[in-house]
Amino acid sequence: VTGTIKSDGFLFYSDNYGTASSWHGGALKQSIGASIQDFELEVNLQQYAFNLVYLGLAEVSVLDASNKVVAKVSMRKVYQGLEVNYGLARAGSMLDGKDIIDSYGSVPSAWNNFKGVLKISRIGNQWEAYISKVDQTTGKHDTAMYRTWIDNSNTLRAPITQVQTYLATYALASPTLQNMDSIRVYRINNPNSNQIPYIASPGDIITFDHKNDVILKNGEAITKEKSFTGEYFPLNPGQNAIVIEPESAIDKSVIRWR
């Protein structure tokens, strides 16, 4: 760890990476004020290379009370002369963990000039990881990769208590344009059989796309949350009646058809 990480009120960024012969840069660590067992880490960040020789690593980890890494996500450009970004979502530390995602996406250029979201979560011994660029005009997630992993050995169970950011470059290479504009840690509660879980919060935008048979939350597909009895439907020529319930819980709705 060398150099510094700063905030301009909107972004975490670095203008001083220090010097070293390998990966080096600034880091910040913060207590999350609680010990959380089942969690989700969600990071929005940018990883952009001005040209092929620039290198960069933007990483966020969650730690346990003894400062050991419990999980991390990162987006990195690691090869000079090759314009390829690699996304990582890892359960556990580098010594005892598992890479759930370690990929450049569906094709080598999928996550180039990346501006998007990385997520990793744990419920019991089940881990989920998600990475996607986000279209800055429509808000849709257009290069999504989703993977799951079961920790059958049940060894990666330490509660998380801290979150850590790291922005780095390699040796003498010029750093990429990399920053983080939001870092969120959620506690995942397990509802009882007579409780209904929340799947959205105030301000979330839910889209029911009846043309493509998909449901989106803030541009991310959440079709797995669809009711088993729910059906996509067309709008017929002439008048149609559309009812949205409960009326008291929905501030406004937008309907587009053609």
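Above this text you will find the structure in question.
We now turn to the structure provided with this report. Keep in mind that this is a model prediction, so the values were computed, not measured.

Rules of the game
- Residues numbered from 1 in each chain as written.
- Predicted model: local features only at pLDDT ≥ 70, side-chain atom pairs only at ≥ 80, totals over all residues.
- Heavy atoms only, no water.
- Core = buried A, V, L, I, M, F, W, Y, C linked by side-chain atoms within 4.5 Å.
- Buried < 20%, exposed > 50% of the residue type's maximum accessible area, 1.4 Å probe, protein only.
- Contact = heavy atoms within 4.5 Å.
- Salt bridge = Lys/Arg side-chain N within 4 Å of Asp/Glu carboxyl O.
- Phe/Tyr/Trp six-rings, centres within 6.5 Å; stacked < 30°, edge-to-face > 60°.
- Helix = DSSP H or I, 4+ residues; strand = E, 2+ residues; numbered from the N terminus.
- Lys NZ or Arg CZ within 6 Å of the ring centre and 35° of its normal.
- Pairing = 2+ DSSP bridges.
- Polar contact = N/O pair within 3.5 Å; in protein donor to acceptor, adjacent residues only side chain to side chain.

1. Regarding the nonpolar core
Ranked by internal contacts, the top residues of the largest apolar core, which has 32 residues, are Phe 39, Leu 45, Val 62, Val 73, Trp 111, Ile 120 and Trp 127. Once you skip the residues sitting within four places of it in the chain, Leu 45 turns out to touch Ala 58, Met 75, Phe 114, Lys 115, Gly 116, Leu 118, Asn 179 and Met 180.

2. Notes on the pattern of salt bridges
One pass over the structure, following the stated rule, counts 9 salt bridges. Asp 15 serves as the salt-bridge partner of Lys 6, at 3.1 Å between the closest nitrogen and oxygen. Taking relative accessible area as the criterion, Lys 6 reaches 36% and is therefore assigned partly exposed. Asp 99 is the partner of Arg 90 in a salt bridge, and the nearest nitrogen-oxygen pair spans 2.6 Å. When its relative accessible area of 7% is taken as the criterion, Arg 90 is described as buried.

3. Some words on the packing of aromatic side chains
The final tally for this structure, using the stated rule, is 6 aromatic pairs. With a centroid separation of 6.0 Å and an interplanar angle of 80 degrees, the aromatic rings of Phe 39 and Trp 127 are classed as edge-to-face. Remark: Trp 127 occurs in strand β10 (residues 126–133) and Phe 39 occurs in strand β4 (residues 39–48); sequence separation between them is 88 residues. Note on Phe 50 and Tyr 54: the rings are 5.3 Å apart at their centroids and 65 degrees apart in plane angle, and the pair reads as edge-to-face. Cluster of aromatic residues (ring-pair linked, three or more members): Tyr 48, Phe 50 and Tyr 54. For the cation-ring pair, Lys 119 lies above Tyr 130, with the distance from its terminal atom to the ring centre recorded as 5.4 Å.

4. Quick notes on the sheet that holds strand β16 (residues 220–221)
The strand order across the open sheet built from 3 strands is β14-β15-β16, with neighbouring strands paired in antiparallel fashion. The outermost strands of the open sheet, each flanked by one partner alone, are β14 (206–209) and β16. Strand direction decides the pairing type here: strand β15 (residues 214–217) and β16, joined by 2 bridges, are antiparallel. From the neighbouring strand, Leu 216 faces β16, where its bridge partner is Ala 221.

5. Concerning the side chain of Gln 47
Relative to the helices and strands, Gln 47 resides in strand β4. The exposure class assigned to Gln 47 is buried, which follows from its relative accessible area of 0%. Within the local environment of Gln 47, its side chain forms a polar contact with the backbone oxygen of Met 75, the two atoms lying 2.9 Å apart. If we skip the residues at most four places from it in the chain, Gln 47 touches Gly 56, Leu 57, Ala 58, Met 75, Arg 76, Lys 77, Asn 85, Asn 113, Phe 114, Thr 176, Leu 177 and Gln 178.

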